[in-house]
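Here's the letter readout for the chains.
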Amino acid sequence: RTGSLNIGDALQQQVPGVILSDTTGNPFMPDIQFRGFTASPVAGTPQGLAVYQNGMRINEAFGDTVNWDLIPTAAIRSVTVVTNNPAFGLNALGGAVNVQMKNGFSYQGAEINTMGGSFGRIQSSGQYGKQVDNFSVYGALEGVRENGFRNFSESAIRRFYGDVGYRTDSSEFHLNVGVANNNFGAPAAVPAELLRQYWGATH
């Protein structure tokens, strides 16, 4: 609905109490804070939000970090923020972010989107869903390329999500897979004196 390239922007615009910060210096890897609790890709950050994709916890096993860049935005059906609830695990102190993905039962048809922007940004995505009787298939492929406005801040994202489903009157089964190959630059904090000379500088 927001037309954003990442989950964080949509949550910040739609959910009261959500704040974004840019610890990594890259817009595709944000820190998402909800009422003071964080879900971040930066190791060592005290994580207080559990993140689930289709009911599967996607916080990394080491440090509970969350790699937001691995989730194709085209394949997202809905995102729900739930306040602290013991049903989402012991570390969901501040709550949980529940990401539901599309499947062939909820999405049928085909769609291709391409867009571009400043600093060499170009994004293209394609998705396809189909239901045949009690079976369904869905796939989404997404690519993003951006040069960034600072030195060494290029971003390249390639990600895929697929789902095969089967359902009856009383049950439903899904097999889904996600694959990604992403590369990011590493701009860091810069002295203000250097930025006065050149805003795109990296220290």
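Here, the structure is the one placed above.
Keep in mind that what you see is a predicted model, and the values were worked out from it rather than measured.

> Tell me about the sheet that holds strand β7 (residues 95-101), and name the residues and values.
The four strands are arranged β5-β4-β7-β6 in an open sheet whose pairing can be described as mixed. What marks the edges here is a single partner per strand, and that holds for β5 (56-57) and β6 (76-82). Of the pairings in the sheet, the one linking β6 to β7 comprises six bridges and is antiparallel in character. From the neighbouring strand, threonine 80 faces β7, where its bridge partner is asparagine 98.

> Describe the side chain of glutamine 123, naming the residues involved and giving the relevant values.
Along the chain, glutamine 123 falls in strand β9 (residues 122-132). Here glutamate 142 takes part through its side chain, which lies 3.1 Å from a polar atom of the side chain of glutamine 123.

> With reference to specific residues and values, describe unusual backbone geometry.
Here the phi dihedral of asparagine 54 falls at roughly 55°; this positive angle occurs in a residue that is not glycine. The partly exposed category is assigned to asparagine 54, whose relative accessible area is 28%. If you check the backbone angles, aspartate 64 has positive phi at about 60° while not being a glycine. Residue placement: aspartate 64 occurs in the loop between β5 and β6.

> Outline the pairing of strand β4 (residues 49-53), listing residues and values.
Of all the five residues making up β4, five are buried; the element is thus mostly covered by neighbouring parts of the structure. In terms of strand pairing, β4 meets β7 through five bridges, oriented parallel. Pairing of tyrosine 52 across the sheet is with asparagine 98, part of β7. The turn joining β4 and β5, which pair antiparallel and follow one another in sequence, is formed by two residues; a positive phi near 55° is taken by asparagine 54.

> A description of the environment of asparagine 85 should follow, citing residues and the corresponding values.
With respect to the helices, strands and loops of the structure, asparagine 85 is situated in the loop between β6 and β7. What makes asparagine 85 partly exposed here is its relative accessible area of 30%. For the pair asparagine 85 and tyrosine 166, spaced 81 residues apart in sequence, the C-alpha to C-alpha distance is 30 Å.

> With reference to specific residues and values, describe the pattern of salt bridges.
By the definition in use, this model includes three salt bridges. The salt bridge involving arginine 121 is made with glutamate 146; its shortest N-O contact spans 2.5 Å. Of this pair, arginine 121 sits in the loop between β8 (109-116) and β9 while glutamate 146 sits in strand β10 (residues 135-146), and the two are 25 residues apart along the sequence. Residue classification places glutamate 146 among the buried residues on the basis of a relative accessible area of 10%.

> Describe the nonpolar core, naming the residues involved and giving the relevant values.
Membership of the largest hydrophobic core comes to 20 residues, with the highest contact counts inside it found for Trp68 and Met101. Ranked by residue count, the leading element in this core is β7, at three residues. Those residues in contact with methionine 101 that sit more than four places away from it in its chain are Gln53, Asn54, Ile71, Pro72, Ala75, Ile76, Arg77 and Tyr161. Ranked by size, the runner-up nonpolar core spans five residues in total, among them Ala50, Phe88, Ala92 and Ala96.

> Got a sec to walk through helix α1 (residues 7-14)? Specific residues and values, please.
Of all the residues in α1, the buried ones are Ile7, Gly8 and Leu11. The buried residues of α1 occupy an angular sector of 95° when projected down its axis, which confines them to one face. In this structure, the buried residues of α1 make contact with β1 (18-21), β2 (31-34), β6 and β7.

> Can you tell me about the packing of aromatic side chains, naming the residues and giving the values?
Tallied over the full model, the rule gives five aromatic pairs. With centroids separated by 5.8 Å and ring planes inclined at 85°, the aromatic side chains of tyrosine 107 and tyrosine 138 adopt a geometry described as edge-to-face. Here tyrosine 107, found in the loop between β7 and β8, pairs with tyrosine 138, found in strand β10; they are 31 residues apart in sequence, far enough to count as distant. For the pair tyrosine 107 and tyrosine 138, a shared accessibility class is recorded, and that class is buried. Through successive ring pairs, a cluster of aromatic residues spans Tyr107, Tyr138 and Tyr161.

Each value, and the rule that gives it
Residues numbered from 1 in each chain as written. Predicted model: local features only at pLDDT ≥ 70, side-chain atom pairs only at ≥ 80, totals over all residues. Heavy atoms only, no water. Pairing = 2+ DSSP bridges. Helix = DSSP H or I, 4+ residues; strand = E, 2+ residues; numbered from the N terminus. Polar contact = N/O pair within 3.5 Å; in protein donor to acceptor, adjacent residues only side chain to side chain. Buried < 20%, exposed > 50% of the residue type's maximum accessible area, 1.4 Å probe, protein only. Salt bridge = Lys/Arg side-chain N within 4 Å of Asp/Glu carboxyl O. Core = buried A, V, L, I, M, F, W, Y, C linked by side-chain atoms within 4.5 Å. Contact = heavy atoms within 4.5 Å. Arc of directions from axis to C-beta. Phe/Tyr/Trp six-rings, centres within 6.5 Å; stacked < 30°, edge-to-face > 60°.

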